[in-house]
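Chain by chain, the residues run as shown.
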Amino acid sequence: MPRRVSKVPTLTRNELERNRRMFTKDLLSKLASLINPTPRAPKWKSLELLDQATAHVKQLEQRVEMLKQRKQLLEGSTDETAGMRGSMSTAFTVTELDSAVEVCLISRSNDKFILTRALDVLEEEAAPVVFVSYSRVGDRINYIIYSQAVCSRIGIDSSRVHEKLKRLTAGP
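Residues numbered from 1 in each chain as written. Predicted model: local features only at pLDDT ≥ 70, side-chain atom pairs only at ≥ 80, totals over all residues. Heavy atoms only, no water.

You'll find the protein chain entered in an unreviewed UniProt entry as BHLH domain-containing protein, with Vitis rotundifolia given as the organism. In UniProt, the protein chain has this text filed under Subcellular location (unreviewed entry): "Nucleus". (UniProt positions renumbered as here; feature names shortened; annotations may be inferred.)

S.K.: Please clarify how the side chain of Thr95 should be interpreted in this entry.
M.R.: Here Thr95 shows up in strand β1 (residues 90-97). Among all residues touching Thr95, those that are not within four sequence positions of it are Met66, Ala100, Val101 and Glu102. (Helix = DSSP H or I, 4+ residues; strand = E, 2+ residues; numbered from the N terminus. Contact = heavy atoms within 4.5 Å.)

S.K.: Help me understand the nonpolar core, please; the structure alone is not making it clear to me.
M.R.: Most often, soluble globular proteins have nonpolar side chains that are buried together. Within the largest apolar cluster, 18 residues are counted, with the highest numbers of intra-cluster contacts made by Val94, Val103, Leu105 and Leu165. Among the secondary structure elements, those contributing two or more residues to this core are β1, β2 (100-108), α4 (114-124), β4 (140-148) and α5 (158-170). With five residues, α4 is the single largest residue contributor to this core. Leu105 has contacts with Thr90, Ala91, Phe92, Ile114, Ala118, Ile141, Asn142 and Tyr143, leaving out every residue within four places of it along the chain. (Core = buried A, V, L, I, M, F, W, Y, C linked by side-chain atoms within 4.5 Å. Buried < 20%, exposed > 50% of the residue type's maximum accessible area, 1.4 Å probe, protein only.)

S.K.: Could you clarify how one ought to interpret α5 in this entry?
M.R.: A turn of α-helix holds 3.6 residues, and therefore any two residues three or four places apart point the same way. A rise of 1.5 Å per residue sets the reference length of α5, with its 13 residues, at 18 Å; its end C-alpha atoms lie 18 Å apart and thus fit the reference within 8%. Packing partners of the buried residues in α5 comprise β1, β2 and α4. (Expected span 1.5 Å × (residues − 1).)

S.K.: What exactly am I supposed to notice about the packing of α4 against α5 here?
M.R.: To describe two helices that pack against each other, one gives the angle between their axes and the distance between the axes. Here α4 crosses α5 at 150 degrees, and the two axes come no closer than 10 Å. Looking at the two axes, α4 sits roughly antiparallel to α5. Where α4 crosses over α5, the two elements pack in a sense that is right-handed. Residue-level contacts link Ile114, Arg117, Ala118, Val121, Leu122 and Glu124 of α4 to Val161, Lys164, Leu165, Leu168 and Thr169 of α5. Its residues assigned to classes, the contact of α4 with α5 comprises seven nonpolar, one polar and three charged. (Axes fitted to C-alpha atoms, helices over the stretch in contact; angles between N-to-C directions. Parallel < 35°, antiparallel > 145°, perpendicular 65-115°, else oblique. Left-handed = near helix turned anticlockwise from the far one by under 90°. Nonpolar A, V, L, I, M, F, W, Y, C, P; charged D, E, K, R; others polar.)

S.K.: In this structure, what is going on with the pattern of salt bridges? I would like to understand it.
M.R.: Pairing of side chains with opposite charge becomes possible as their charged atoms draw close. Tallied over the entire structure, the rule returns four salt bridges. Between Glu17 and Arg20 there is a salt bridge, with the nearest N and O atoms lying 2.6 Å from each other. Taken as a pair, Glu17 and Arg20 lie in helix α1 (residues 13-35) at a separation of three residues, close to a single helical turn. For Glu17, a relative accessible area of 30% corresponds to the partly exposed category. We note a salt bridge from Glu124 to Lys164, for which the minimum N-O separation is 3.3 Å. Of the two residues, Glu124 sits in helix α4 while Lys164 sits in helix α5, which places them 40 residues apart along the sequence. Look at Lys164 and you get partly exposed, because its relative accessible area is 22%. A single salt-bridge network, built from bridges that share partners, covers Glu17, Arg20 and Arg21. (Salt bridge = Lys/Arg side-chain N within 4 Å of Asp/Glu carboxyl O.)

Here it is as C-alpha cells:
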C-alpha cells in the first residue's frame, strides 16, 4: 500500500513544543495580570504563580460564602434571626478576614445599648474598631462592624469574640 503524502506541511516536534510553550506562557501572563493587576507586579515562576492563583481563588470562595451568610442574616432567613422574633433580641455573625474581624449584628430597635456592648467586646479582644455602619429595616437595626488587630502577627481570636457576643446576646 503506497503511503499518502499530504500537501499540508506538518509541523515538526520542535515547532509544536515551541507553540505549546508560547501558549502556556501567554496563559500564565494573563493569570498573573488577573491576580496582581498592578503594572509593577513581581515576576513569578510558574509554580509560584499557580500557588498564588489557588490561594486567591480560595480567598474569593471564602468571601462569597461570607457574603451569602451576611445576605441571609440581613434578610432574616437564618435560624438565628427566626428566633429573634420570639425570645432572642439579637442575632450576629463573626467572620475572620486575615488580621481583621467583621461582625454583623441584627438587633431590635428597642435594644439601644447592644452596639456599645459589642464594641466593648471587640476592644477587650485587642481589636480596635475601624469602621461601623448601620441600617434600619422595620423594627430591626443591622450593624456591620470591622475591627483590625492591634498587631497583625498576633491576630484576633474570632472564636473568643463569638463566645463573648453569644453570652452578651443571651441576656442577663
